[in-house]
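Spelled out from the first residue to the last, the chains are:
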Amino acid sequence: MPAIVISGNGDMPQFEGKVTFTVIICVIIAAFGGLMFGYDIGISGGVTAMDDFLEKFFHNVYERKKKAAENNYCKFDDQNLQLFTSSLYLAALVASFFASHCCTKLGRKPTMQMASFFFVIGVGLSAAGVNIAMVIVGRVLLGFGVGFANQAVPLFLSELAPVKLRGALNIVFQLMVTIGIFIANLVNYGTGNIHPYGWRISLGLAGVPALMLGIGSLAIVETPTSLIERNKIEEGKSVLKKVRGVENVDAEFNSIVEACEMAKQVTHPYRELLRKESTPPLVIAILLQIFQQFTGINAIMFYAPVLFQTVGFGSDASLLSAVVTGFVNVLCTLVSIGLVDRLGRRILLLESCVQMLITQTMIGAILMKDLKLTGELPSKEAAVVVILVCVYVGGFAWSWGPLGWLIPSETFPLETRTAGFSFAVSSNMLCTFIIAQAFLSMLCNMRAAIFFFFGGWIVVMMLFAFFFIPETKGVSIDEMNDRVWKRHWFWKRFFTPDGKGMA
C-alpha cells in the first residue's frame, strides 16, 4: 500500500503514513475491550430475567413475579434487582481514576491487561456464585475491569490511528460494544432453557472476550505517545515508524515530543484540569456522557421485547427484539465508521438528534394513547412502534453512541489526556448507574411520559451540539488547542491573546 500524506487542515503539519498490518491487528485486539463491555451490558439484563437466577438470589422477586398481575409498566420494578446491574457501573466509576494513573505511569497496554485480569476474576466469582455477596463482589471486579478497559482502549485507538482515519478506527471500540450486546442476547436466549444453571453459562462466557484481550495484548505494541511520554524516546520513534509504515515520521514525531515536553511541566494533571484552558474539552467530555445516557437508549432497549410481543411473536419476542435491534445497532455503527471521517462529528450528532426526537415523541404518543396498564397495542400501532424503535436505535448507533467515546479521547492535550478522559469514563459510569438504578421505577411511575422526558433531553443536547461542540475531523490530537479551541466562537475566550490559557 503506498504511503499517503495524512493531514487535516491546510496549515497543519503533514504527517506521512499508511494503514499498516500492525495498526489493524492492534485495533482489533484492543477493541476486544469493547466486546467485553458490550457482552456484560447485554448479559446482565437477560440473566436477571431468568427464573433460576431470581429464585436463587432474589427469591422475593421470583415469588412476586409468579403471583403479581401483569403490568406493562411496573413488572420489573425492584431496587435490589436493579442494584445487581448498576453496582458494576459504580465500581467502574471509582476504577476509572486509578486507571488514569496507570495509563500515564505504566502505559495504555498494561492498563488493558489489568482490565482483562479484573474481568476474568470477576467472571469467575459471578458464574460460580453461591450467595449474593459472592455475586456482588464479582460484579464489583467486573466493574473495575470495565473502568480500566474504557479508560485505556479509546485512548490507545486514538493515539495509534493515523489522523485521517482516527474517527473510524476509534469507533471500532463502539462497534465491538454493539457486537458484544448482540452476542449476549443470543447467548441468553440459548441458556434460558438450560435449567438450573443456564445463568452460570451466560455469566461465565463473559470471560472469553476478556481472555482474548489479555492474551492478544501480549502481541500488540504500546502507542508511540505513551512511550515518548515515559522517556522511551528511541523506542517511541521506532514504533511510530512501524505503525505508520514509512521512515519519514519526523513531523509527527516532533509534534509528539513537543507535546510530551509540555506535559512534563505538569506535575498534577487533575489540578491542571482546573485551569480555564482545560474547561472546553472537560465540559464537552462530561456533558457528552450525560447526554449519551439521557438520550433514552436504555428506555428503548428495555421496552423493545414488550413492544415486539404485541405484534404477535409470542414466546420468541425477546429473541426477535434482541436480533432486530442488535442487528440495527451493529449495522448503523458500521455506517458511523464509514461516515465519521468524511462528514465529520457534528453533522452526525445533529442529524441523529432530529431523528431520535421524532421517534421518541411518536413512540410516547402512541403508547400514551393506546397502551394501558394491561393488555396490548393494536397490531397496526405496534408495527409502527417496532419500526420507530429501529429508526431510533439506528440514529443513536451512528452518533451519540460511538462519538460519546471518540470526541473525549481526541480533544484533551497530552498533559491532561488521561486525567481528562477519566472524567469522561467516570461521568459515563455515573450516569449509567443512575439510569440502571432508577429507570424501571421511573417507567413504573411516569409510564409512557418517560419518552417525552428523554425527548426533552434530546432538545437540550441538540442545542448544545449546535453551539458548543466544534468539528475535530482531520485535526491532529496534539494540535487541538491551536486548531480547534482557540478558533471556536465561544471556547476561544478561555485562552489569552498570547495563546496561553488563563489561570
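Residues numbered from 1 in each chain as written. Predicted model: local features only at pLDDT ≥ 70, side-chain atom pairs only at ≥ 80, totals over all residues. Heavy atoms only, no water.

**Details of the confidence of the model for the protein chain**
Caution applies to low-pLDDT parts of the model: their predicted coordinates are not meant to be read in detail.
Okay, step 1: Summary statistics for the protein chain give a mean pLDDT of 84 and a share of 87% for residues scoring 70 or more.
Okay, step 2: Here strand β1 (residues 4–6) stands out as the element of the protein chain with the lowest mean pLDDT, 36, in contrast to helix α6 (residues 108–127), whose mean of 96 is the highest.
Okay, step 3: A low-confidence stretch, residues 1–12 (pLDDT under 50), is modelled with 33 contacts involving residues beyond four sequence positions or located in other chains. (pLDDT = per-residue confidence, 0-100. Helix = DSSP H or I, 4+ residues; strand = E, 2+ residues; numbered from the N terminus. Contact = heavy atoms within 4.5 Å.)

**A closer look at helix α10 (residues 207–216)**
Okay, step 1: Where α10 is concerned, the buried positions are Gly207, Pro209, Ala210, Leu213, Gly214 and Gly216.
Okay, step 2: Taken together, the buried residues of α10 touch α1 (21–30), α2 (32–47), α6 and α9 (198–204). (Buried < 20%, exposed > 50% of the residue type's maximum accessible area, 1.4 Å probe, protein only.)

**Looking at the nonpolar core**
Okay, step 1: In terms of nonpolar packing, the biggest core is built from 85 residues, with Phe53, Met112, Phe119, Phe156 and Met429 touching the most fellow members.
Okay, step 2: With near-sequence residues (within four places) excluded, phenylalanine 156 lies in contact with Cys26, Ala30, Arg108, Met112, Ile220, Val221, Glu222 and Thr223.
Okay, step 3: Core analysis: the second largest hydrophobic core is formed by 54 residues, Leu349, Tyr392, Phe439 and Leu440 among them. (Core = buried A, V, L, I, M, F, W, Y, C linked by side-chain atoms within 4.5 Å.)

**Examining a nonpolar patch on the surface**
Okay, step 1: A cluster of nonpolar side chains, contributed by Val459, Leu463, Phe466, Phe467 and Trp489, occupies part of the molecular surface with about 490 Å² of accessible area.
Okay, step 2: Along the chain, the position of phenylalanine 466 falls in helix α22 (residues 450–468). (Patch = residues over 30% accessible without salt bridge, like charges linked within 9 Å, V, L, I, M, F, W, Y side chains within 5 Å. Areas by Shrake-Rupley, 256 points an atom, 1.4 Å probe, with all protein chains shown as cover. Salt bridge = Lys/Arg side-chain N within 4 Å of Asp/Glu carboxyl O.)

**What about the packing of helix α7 (residues 132–160) against helix α8 (residues 166–191)?**
Packed helices, taken two at a time, are described by the angle between their axes plus the distance between the axes.
Okay, step 1: It is the contact of α7 with α8, at a shortest axis distance of 8 Å, that shows an interaxial angle of 155 degrees. Taken as axis vectors, α7 and α8 run roughly antiparallel relative to one another. Once α7 is placed against α8, the crossing between them reads as right-handed. Every residue of α8 that contacts α7 at Asn150, Val153, Pro154, Leu157 and Ser158 is listed here: Arg166, Leu169, Asn170 and Phe173. (Axes fitted to C-alpha atoms, helices over the stretch in contact; angles between N-to-C directions. Parallel < 35°, antiparallel > 145°, perpendicular 65-115°, else oblique. Left-handed = near helix turned anticlockwise from the far one by under 90°.)

**Section: the pattern of salt bridges**
Okay, step 1: This structure, assessed with the given rule, holds 16 salt bridges.
Okay, step 2: Notably, a salt bridge pairs arginine 108 with glutamate 159, separated by 2.6 Å at the nearest N-O pair. A residue pair is termed long-range when its members are at least 10 positions apart, and arginine 108 in helix α6 and glutamate 159 in helix α7 qualify at 51 residues. Each member of the pair arginine 108 and glutamate 159 is classed as buried.

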